[in-house]
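Chain by chain, the residues run as shown.
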Amino acid sequence: MKVEWSTFWPRIIQATGETVTMVLFTLIFATVIGLAIGLLLFVTRKGNILENRFVFLTLNLLINIIRPIPFIIFLVALSPFTRLIMGTTIGTAAAVLPMTIAASFAVARVVENNLVSIDPGIIEAAQAMGASPVQIIFTVLIPEALGPLILGITFITVGLIDFSAMAGTVGGGGLGDLAMTYGYQRFDTSVMLVTVVILILLVQVAQFIGNFLSRLFLRR
Amino acid sequence: MITFQHVSKTFGSNENEVKAVQDVTLEVMKGDIFGVIGFSGAGKSTLLRLVNLLERPTTGEILVNEQSINTLSQKELRKLRSKIGMIFQSFNLFSSRTVYGNIAYPLKLAGWPKDKIDFRVKELLAFVGLEDKEKKFPEKLSGGQKQRVGIARALATSPDILICDEATSALDPETTEEILNLLKKINNDYKITIMLITHEMHVIKKICNRVAVMEDGRVIEEGQVFDVFTNPVQKTTQNFIRSVLNDKLSSQLYEKLKKEQRGRMFRIYFKEGVSNEPILSRTCKKYDIDFNIIYGNINELQERLFGSLIVEFIGAPAEVENVIADLEKIVVLKELVNNEG
């Protein structure tokens with residue numbers, strides 16, 4: 001049983017659109033949330049500008065609890081919560097919630113790691129000039145780490161495309177859904193092949209944009 | 001200008017306790033270029049960071065402009081910091097900002113309007129001689145240029161005080177000279193009080209008027225640079241001074257000279273005033289003996305001369321005695337009996 005390609009292409013295009021939507025929205029939300037958590041994690045570290053042992057340890061523990069859970073299990077485990085918030089667990093929009101939560105913590109770690117590599121002397125110099133902690137965050141930490149930060153977020157974006165395929169299998173739609181339904185359950189290798197090629201292309205585009213942007217901001 | 005009153009700073013607690021600064025009492029006067037010298041770990045870096053409260057004192061009081069800074073609120077502290085410029089050994093420039101952006105940064109923090117920032121940055125770029133580099137990023141600059149940007153950035157808000165954390169230690173000798181000259185110019189032209197820390201006595205000798213020597217968190221010797229150089233009391237101070245004024249012969253050379261000795265060898269200490277009088281030749285002529293200068297070291301410090309010569313007097317012993325007696329009325333003489341003098 002082979003698919004009729006002339007009518008199947010629109011489905012592929014629709015599925016690609018769903019994947020891109022899931023990834024893009026997740027990326028936006030996860031970047032904002034992850035940046036906030038990552039910054040908080042960094043500034044509350046020992047000896048840092050807003051040192052706070054309680055906040056640091058709590059966030060650190062939270063990240064270490066969420067991060068090791070395999071995404072597909074996280075997805076299922078979170079479904080009651082997803083239903084509570086989104087009203088459903090099926091569809092592209094519903095998939096964005098668990099993806100955002102999982103990705104936020106990954107982004108937070110990436111942000112923290114990049115901030116740690118900033119020369120503490122630069123932060124000290126800003127302090128010596130009378131910068132407040134909030135000013136240091138927005139005028140020193142973020143600009144100084146921006147180049148590597150973009151690369152880190154690009155890396156996560158590629159991971160998100162992977163997440164979206166998994167979300168697809170539990171009703172999230174998108175290319176993952178298509179590949180699983182046609183390729184895996186109906187043994188249609190050609191559909192699988194097409195979706196794989198599209199996924200590869202998406203990753204290439206994401207990496208290209210990420211590299212381009214980071215080069216724009218990387219000054220080292 | 002800056003007063004330390006029995007200031008101590010301790011890091012850590014119990015068995016891991018490190019007493020970085022111990023009971024330091026110092027006063028930096030307005031217009032000083034005050035140098036603090038010590039080996040690494042002596043506590044000088046911590047001492048410097050107490051001035052703008054990058055470190056808080058454990059005990060004791062610090063006054064800046066006659067105002068105690070220990071109890072400042074966060075807001076007052078930020079205001080104080082904008083009046084104290086700081087430069088660093090590793091420059092600490094923002095790599096994400098251009099030269100212009102680095103110098104403009106403290107002005108933006110202070111909320112200056114854009115046109116005033118532009119005027120001030122251009123003025124500072126001209127002062128440090130980097131007009132053509134304003135659009136460059138720090139990574140494209142040499143060490144000396146980076147420190148010039150650091151200096152321009154530190155001066156942007158017209159501070160009364162400039163504190164320098166080993167500002168020349170990462171630079172080659174030639175660039176060090178340039179930066180030291182620039183610091184001297186800042187002190188002279190803008191009447192900015194400078195407090196610097198260094199492990200190089202050369203820096204003290206070149207630009208400071210007052211010096212404090214630190215060891216194990218304590219100030220072990222302090223005074224006018226000229227006085228400390230001409231009359232160092234502590235062993236550490238003497239060693240630091242010897243690093244720039246080598247007035248001691250090597251033991252090999254000393255032994256050689258001893259063997260070839262024809263008369264009596266003396267070390268003659270010159271202080272200012274006498275250095276430009278022909279006392280040696282005049283006195284030796286009077287008693288008709290010869291003198292031979294073996295080794296000499298006369299230095300300029302704070303536009304004053306000082307130093308010593310090792311001189312051998314050759315002639316009739318009685319006449320040599322007369323020469324010594326005459327010279328002792330004017331200068332300090334010490335016969336060289338071993339190589340310690």
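Being a predicted model, the structure only gives us computed values, none of them experimental.

**Quick word on the overall build of chain B**
Within chain B one finds twelve helices and 14 strands. Considered along the principal axes of its C-alpha atoms, chain B spans approximately 80 × 55 × 35 Å. A buried classification covers 38% of the 341 residues belonging to chain B. Within chain B, contacts between residues at least 6 apart in sequence are counted, and of these 68% link residues at least 24 apart.

**Looking at the domain arrangement of chain B**
Residue and element names in this part refer to chain B. Along its sequence, chain B is carved into domain 1 (2–244) and domain 2 (251–335). In this assembly, six residues from domain 1 lie in contact with five residues from domain 2. At four residues, the largest contribution of residues to the side of domain 1 that touches domain 2 is made by helix α8 (residues 225–230).

**Some details on the UniProt feature "domain: ABC transmembrane type-1" (unreviewed entry) in chain A**
On the UniProt side, "domain: ABC transmembrane type-1" (unreviewed entry) is annotated at positions that read residues 16–210 of chain A here. Annotated as residues 16–210 of chain A, this span is 84% helix and 0% strand, and its ends, taken at the C-alpha atoms, are 20 Å apart.

**Observations concerning the sheet that holds strand β5 (residues 67–68) of chain B**
Residues and elements named next belong to chain B. Taken together, the four strands give an open sheet; going across it, the order is β2-β1-β4-β5, and neighbouring strands pair in antiparallel fashion. Edge positions in the open sheet fall to β2 (18–28) and β5, since each of these has one partner strand only. Examined bridge by bridge, strand β1 (residues 2–11) and β2 share seven bridges and lie antiparallel to one another. Note that in β2 the partner of T10 across the bridge is K19.

**Side note on the interface of chain B and chain A**
Across the boundary between the two partners, chain B contributes 18 residues, which contact 18 residues of chain A. Elements that contribute at least two residues to the side of chain B that touches chain A include exactly α2 (74–82), β6 (84–88) and α3 (99–109) of chain B. The element contributing the most residues to the side of chain B that touches chain A is α2 of chain B, with four residues. A breakdown of the residues in the side of chain B that touches chain A according to their chemical character gives eight nonpolar, six polar and four charged.

**With respect to the UniProt feature "domain: ABC transporter" (unreviewed entry) in chain B**
Within this structure's numbering, the places UniProt gives as "domain: ABC transporter" (unreviewed entry) are residues 2–241 of chain B. Structurally, residues 2–241 of chain B is divided into 39% helix and 26% strand, and its ends, taken at the C-alpha atoms, are 26 Å apart.

**With respect to the sheet that holds β6 of chain B**
Residues and elements named next belong to chain B. Pairing in this open sheet of six strands is mixed, and the strands run β6-β7-β8-β3-β9-β10 from one edge to the other. Whereas interior strands pair on both sides, the edge strands pair on one side only; in this sheet they are β6 and β10 (218–224). On average, adjacent strands in this sheet sit at an angle of 15° to one another, irrespective of strand direction. The pairing of strand β3 (residues 33–37) with strand β8 (residues 193–198) spans five bridges and is parallel. Among the inter-strand pairings, V36 is bridged to a residue of β8, identified as I197. Helix α1 (residues 44–51) contacts β3, β6, β7 (161–165), β8 and β9 (210–215) of the sheet and is inclined by roughly 155° relative to β8. The strands touched by helix α9 (residues 235–244) within the sheet are β3, β9 and β10, with β9 carrying the most contacts at an inclination of about 120°.

**Some remarks on the packing of helix α1 (residues 5–43) of chain A against helix α5 (residues 92–116) of chain A**
Residues and elements named next belong to chain A. Contact geometry for α1 and α5: axes closest at 6 Å, N-to-C directions at 40°. Here α5 runs oblique to α1, going by the angle between their axes. The crossing of α1 and α5 is right-handed. Its residues assigned to classes, the contact of α1 with α5 comprises 19 nonpolar, eight polar and two charged.

**Regarding unusual backbone geometry**
All names here are of chain B. We note that N92 has phi near 55°; this positive angle belongs to a residue other than glycine. Tracing the chain through its elements places N92 in the loop between β6 and α3. The phi torsion at S158 lies on the positive side, around 50°, for a residue other than glycine. When you line up the elements, S158 lands in the loop between α5 (143–155) and β7.

**Here we look at α5 of chain A**
Here α5 of chain A contains 25 residues, and its C-alpha end-to-end distance of 35 Å stays within 8% of the 36 Å for a straight helix at 1.5 Å per residue. Remark: the principal bend of α5 of chain A, roughly 25°, maps to M99 of chain A.

Cut-offs applied
- Each chain carries its own residue numbering, running from 1 in the written order of its sequence.
- Each chain is given a letter, starting from A, and each ligand a number, starting from 1, according to the order in which they appear as written.
- With the structure being a predicted model, the display of local features is reserved for residues of pLDDT at least 70 and the display and counting of side-chain atom pairs for 80 or more, all residues being used for whole-chain, interface and lining totals.
- Only DSSP runs of H or I reaching four residues or more are called helices, and only runs of E reaching two or more are called strands; each is numbered from the N terminus.
- For every residue, the other C-beta atoms within 10 Å of its own C-beta are counted; 20 or more classify it as buried, 12 or fewer as exposed, and values in between as partly exposed. C-beta atoms are placed from the backbone.
- Here, residue contact means that the backbone-derived C-beta atoms of the two residues sit within 7 Å.
- Where a domain begins and ends is set by an automatic assignment or by a domain database.
- UniProt positions are given in the numbering used here, feature names are shortened, and annotations may be inferred rather than shown by experiment.
- A pair of strands is treated as paired once DSSP finds two or more bridges between them.
- Residue polarity follows a fixed list, in which Ala, Val, Leu, Ile, Met, Phe, Trp, Tyr, Cys and Pro are nonpolar, Asp, Glu, Lys and Arg are charged, and the others, Gly among them, are polar.
- Fitted lines through C-alpha atoms serve as axes, helices being fitted only where they are in contact, and the angles separating the N-to-C directions of these axes extend from 0 to 180 degrees.
- Roughly parallel here means an angle under 35 degrees, roughly antiparallel means over 145, roughly perpendicular means 65 to 115, and every remaining angle is called oblique.
- Handedness of a crossing is defined here by the sense of rotation of the near helix relative to the far one, left-handed for an anticlockwise turn of less than a right angle and right-handed for a clockwise turn.
- Here, expected helix span is obtained from the residue count minus one, scaled by 1.5 Å.
- At every residue, the bend is computed as the angle between two fitted axes, covering the seven residues ending there and the seven beginning there respectively.

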